[in-house]
Amino acid sequence: MFLANFTNRVLRRLVITTRMALSTNQQRNAVNRLSKERSPYLLQHASNPVDWYPWGEEAFRKAVDENKLIFLSVGYSTCHWCHVMERESFENEGVAKIMNENFVCVKVDREERPDVDKIYMAFVQATSGRGGWPMSVWLTPDLKPVIGGTYFPPDDVYYGRPGFSTVLKNISQKWREDPAKFQKQGSEILEALKKLNNPAVDSEQSVPSENCIALCFQQLSKTYDPEFGGFGNAPKFPQPVNLRFLMRMLHGSSDEVEKIEISSMVSHTLKMMAKGGMHDHVGQGFHRYSTDGEWHVPHFEKMLYDQAQLAVVYAEAYQLTKNTHFKETAQDILHYVNRDLSSKTGGFYSAEDADSLPTAEDTVKKEGAFCVWSYDEIQRHLAEKIPSVDVPLADVFSHHYDVQETGNVDPMQDPHDELRLKNVLMEVSTVEETAEYFNLGVDQVKELLQTSREILLKERLKRPRPHLDDKIVTAWNGLMISAFAKCGQAFSREEYTNRAELAAEFVHRHLYDDETKRLLRSCYCDQDGNIVHLAEPIEGFVDDYTFLIHGLLDLYESNFDSRLLKWAEELQEMQDDIFWDTSNGAYFSTGLADKSLVLRMKDDQDGAEPCANSVATGNLVRLGNLLDRKDLLAKAEKMLKLYGDRLEKIPMAVPEMMCGLISFLGSPKQIIIVGKREDEETQAMVNLIGSHFLPNKIVILANGAEENFLYERLDILQHLSQKEGKPTAYVCENFTCSLPVNDLQELEKLVLN
């Protein structure tokens, strides 16, 4: 059995390598319809021999007129396995011929059209038990899903699985023989998905109790890896929503044993992720996820939404623990985003690819080529001797980051042999251990490692860069606005707040219509880096609204510009108009305008991104308490009741909604500062509050400015004055305020009480 598997593995690698080389060298003049699109992912497929259509009426009409199934392929431009399937199948003339003759082939960028992606991913997961990208789904001409999967190998020799060509032929033959059977099957599946996706509210359901908090902790604890941190087995994802929940549970817990256990889970996970190969030690930022359970070998794409969520988690962990390593890791992420994922006009790009050319002379891209190192490269670039111990920098660096002559990647984590003899840097020693091993000082080792990383970054930048997806997505910019704003608060760094402001201004200018009060999903960059839009722009989805509102609320607590709150309230009202289910509660992912969507989905599970209904719960509680909007609190209550059964049985599926539940059940602490923003004493109070982890707080600056619309909304602000003519703080809870304080130590006692 082992020999057969080994032979199959070698054959698979040989076939893939041959196909990759052939497909890359093929030069075609033919360009399909995707060449007219803006999406970087669709443009990647514009020269395929497949007769691709974008999602739209032209493709739908063709399917109806010719009575053909639609083959829907969904992915994104930095997806490694999407590239693999393209090279193996979509660039293959023979496979393309089968596709073109038998199907109407449609390509969708999941980041541009998450509505389409979510509908058919729900089908794939329900029918196959798994999901992922590339997603491959066959639809009837009226867009009902009938067969689906993810990646399909090109030939039948891959571990006994039928190859893509075989699958295409079998499906087309069955469609020709009995199309009515397909139509019936599609209708039945769609009806089942509709019932599953839109539960009715139980009139007897109450808001879940605090018991859900303990249950969520128990469920997460069962999946926690005490050795390497994180949750679940390989492949291992960072899952920042789990850590956000745990930190909020820790903040509210009075059980000392429980607090120690939670603190250990959070701190250990964050430390192990930062030490691992998923963290880019040379170029900063984090890769997508780890293919193994030890955080060592990643899939090398870097996604904006990961950077944003991880920066927030590390910043909050710093607020809790004052561990400077967490602060440095958060700043490392922001440095990467500022350098490599920022447009010249202020928006944030979506992602960097996993694959790139090893050298300018190569023609075949490899995963991780931009990031990994051979032993000889490390020895050559870090050859300078350390005088005090007469060893080269390379020896210290290699000891610390596990650089081995034969490479440090397990072949089982490298199915395409792309990382053979290469090293994925991973901290296997502490700085103290490395210092002791080489008889060096701790500070000296820190400096030597920093110097080495800087040298290697300069060398890395001589390599061909991975593809940059310069699509600018509203939702993910909202997440990144939160990250910069939160770090600005936690670290008292005004430049981070300024960066968040710049991004908010970008979204307002390029992705928002002042007249209609509606958001757009995305915009794009031309060859000169200028912002451009689709001829028919895609309107924003619910996550665009929820994530941006969340970002604006975080930014307000950094710069106290009340115009941000006014905009957040306007966006919330528009979100309610477009997406709120007036019958059962909660938000649909899409509006009613697009008639091509066969199903209106409601997100009810937190994944790589928190789901919109989870984030919306927190937004409603926060805005409701901040602006004294009882109607918004009522919406949050209705949402928690609708998902009450889920929260009471499997709360670990929605840890971000659990954060919203904790806020709803708790009593928010209102901290009102009366003073001018530019006053040093005011700033000192703001910095003090920002340095602490206070998840259920509301911070308001009563600055007396005419444009501060909070004065129109909150009567209490009219009655608060300064003490002794100095900036003064009031800490209020349950409609009762403390005596005014303008001493920092007194304020700290009040906010931490």
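Refer to the structure presented above.
Bear in mind that the values here come from a model prediction, so they are computed numbers and not experimental data.

A. Spatial organisation of the packing of aromatic side chains. The full count for this structure, using the stated rule, is 28 aromatic pairs. Here W52 and F90 contribute two aromatic rings whose centre-to-centre distance is 5.0 Å and whose plane-to-plane angle is 90 degrees, an arrangement assigned as edge-to-face. Of this pair, W52 sits in strand β1 (residues 52–54) while F90 sits in helix α4 (residues 80–90); the two residues are 38 residues apart in sequence, bridging distant segments of the chain. Both residues of the pair, W52 and F90, count as buried. Ring geometry for W138 versus F164: centroids 6.4 Å apart, planes at 40 degrees, classification tilted. Here the residue W138 occupies a position in strand β4 (residues 135–139), and F164 occupies one in helix α7 (residues 164–177), the gap between them amounting to 26 residues. Relative accessible area serves as the criterion here: at 0%, W138 is assigned to the buried category. Joined through ring pairs, the aromatic side chains of W52, F71, F90, W138, F152 and F164 make up one cluster. If you follow K602 out to its NZ or CZ, it ends over the ring of F588, 4.9 Å from the centre.

B. The arrangement of the nonpolar core in detail. Membership of the largest hydrophobic core comes to 172 residues, with the highest contact counts inside it found for M99, W138, F164, L246 and Y314. Apart from the residues within four sequence positions on either side, W138 is in contact with I70, F71, F103, K144, P145, V146, I147, F152, F164, V167, L168 and I171. Within the second largest apolar cluster, 29 residues are counted, among which are Y53, W55, F60 and V108.

C. How the structure looks around unusual backbone geometry. Following W133, the chain continues to P134 via a peptide bond in cis, the omega torsion being 5 degrees. Within the secondary structure, P134 sits in the loop between α6 (114–128) and β4. We note that N67 has phi near 50 degrees; this positive angle belongs to a residue other than glycine. Of note, the phi angle at S492 is positive, near 50 degrees, even though the residue is not glycine.

D. Spatial organisation of helix α23 (residues 630–642). Taking 1.5 Å of rise per residue, 13 residues should cover 18 Å, and α23 covers 18 Å from first to last C-alpha, within 8% of that figure. Those residues of α23 that fall on the buried side of the exposure criterion are L632, L633, K635, A636, M639, L640 and L642. The inward-facing, buried residues of α23 abut α21 (562–579), α22 (612–627), α24 (644–649) and α25 (655–665).

E. Just the environment of G131, in detail. Assignment of secondary structure puts G131 in the loop between α6 and β4. C-alpha of G131 to C-alpha of P49: the two residues are 82 residues apart in sequence and 27 Å apart in space. Residue contacts for G131: discarding those within four places in its chain leaves M121, Q125 and T150.

F. Summary view of the pairing of strand β22 (residues 728–733). Most of β22 sits inside the fold, with five of its six residues counted as buried. Pairing of strand β20 (residues 669–674) with β22 involves five bridges; the strand directions are antiparallel. By the bridge assignment, Q670 is partnered in β22 with C732. Sheet topology note: the β22/strand β23 (residues 736–737) ladder contains two bridges and is antiparallel. Bridging from a neighbouring strand, C732 pairs with C737 of β23.

G. Broad picture of the state of the cysteines. All chains considered together, the criterion is met by two disulfides. The disulfide partner of C79 is C82, and the S-S distance across this bridge is 2.4 Å. Where C79 bonds to C82 through sulfur, the torsion about that S-S bond is close to 80 degrees, and the disulfide is right-handed. For the pair C79 and C82, a shared accessibility class is recorded, and that class is buried. Shown here is the disulfide that connects C732 with C737, its sulfur atoms set 2.0 Å apart.

H. Spotlight on the packing of helix α12 (residues 304–321) against helix α18 (residues 474–491). For the pair α12 and α18, interaxial distance at closest approach is 8 Å and the crossing angle is 25 degrees. It follows from the interaxial angle that α12 and α18 lie roughly parallel. α18 is crossed by α12, and the crossing has left-handed handedness. For the pair α12 and α18, the contacting residues are L304, Y305, A308, A311, V312, A315, E316, Y318 and Q319 in the first and W476, N477, L479, M480, S482, A483, K486, C487, A490 and F491 in the second.

Rules used in this analysis
Residues numbered from 1 in each chain as written. Predicted model: local features only at pLDDT ≥ 70, side-chain atom pairs only at ≥ 80, totals over all residues. Heavy atoms only, no water. Phe/Tyr/Trp six-rings, centres within 6.5 Å; stacked < 30°, edge-to-face > 60°. Helix = DSSP H or I, 4+ residues; strand = E, 2+ residues; numbered from the N terminus. Buried < 20%, exposed > 50% of the residue type's maximum accessible area, 1.4 Å probe, protein only. Lys NZ or Arg CZ within 6 Å of the ring centre and 35° of its normal. Core = buried A, V, L, I, M, F, W, Y, C linked by side-chain atoms within 4.5 Å. Contact = heavy atoms within 4.5 Å. Expected span 1.5 Å × (residues − 1). Pairing = 2+ DSSP bridges. Disulfide = S-S within 2.5 Å. Axes fitted to C-alpha atoms, helices over the stretch in contact; angles between N-to-C directions. Parallel < 35°, antiparallel > 145°, perpendicular 65-115°, else oblique. Left-handed = near helix turned anticlockwise from the far one by under 90°.

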